[in-house]
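Structure assessment
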Amino acid sequence: MPFKKEDLKYKYKWEKPFNEKSFIGMDDYIDRENGQQMLAFFNRFLKLHGLFSLGSLHRLEKLFCKYMPKHITTRSEIKDWLGENWNRHFN
């Protein structure tokens, strides 16, 4: 079951349109302010990694919004960073 906007803890802008079919490839830019784009990325990432709990969503969202460097913006960079940092304990 995909997560919904109400499941997210951080603030996003929801008025920006996002077409899920616009995904082109690993170099796609992720707009961290676009709630629809972030939610689609979160759902896809969690499903691909077999993570279905609300706790996993919140961990992913926190890593993405609080700890991931702002210069990381493409899907491939994001996936690499998350892979390297998923089990890391941040302060």
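Refer to the preceding data block for the structure.
Presented here is a report on the structure given in the accompanying data block. As the structure is a computational prediction, the values presented were derived from the model and not from experiment.

**What about the environment of lysine 79?**
- Examined against the element boundaries, lysine 79 turns out to sit in helix α3 (residues 75-85).
- You can call lysine 79 partly exposed: its relative accessible area is 24%.
- The spacing of lysine 79 and phenylalanine 45 is 34 residues in sequence and 8.3 Å in space, taken between C-alpha atoms.

**Looking at helix α1 (residues 35-48)**
- Taking 1.5 Å as the rise per residue, α1 with 14 residues should run 20 Å; its terminal C-alpha atoms sit 20 Å apart, in good agreement.
- In terms of burial, α1 is a largely internal element, 10 of the 14 residues being buried.
- Looking at α1, one finds that the buried residues are Gly35, Gln37, Met38, Leu39, Ala40, Phe41, Phe42, Asn43, Phe45 and Leu46.
- On its buried face, α1 sits against α2 (54-67) and α3.

**Comments concerning α3**
- Buried within α3 are the following residues: Arg75, Ser76, Ile78, Trp81, Leu82 and Asn85.
- Buried-residue contacts for α3 involve α1 and α2.

Rules and cut-offs
- Residues numbered from 1 in each chain as written.
- Predicted model: local features only at pLDDT ≥ 70, side-chain atom pairs only at ≥ 80, totals over all residues.
- Heavy atoms only, no water.
- Helix = DSSP H or I, 4+ residues; strand = E, 2+ residues; numbered from the N terminus.
- Buried < 20%, exposed > 50% of the residue type's maximum accessible area, 1.4 Å probe, protein only.
- Expected span 1.5 Å × (residues − 1).
- Contact = heavy atoms within 4.5 Å.

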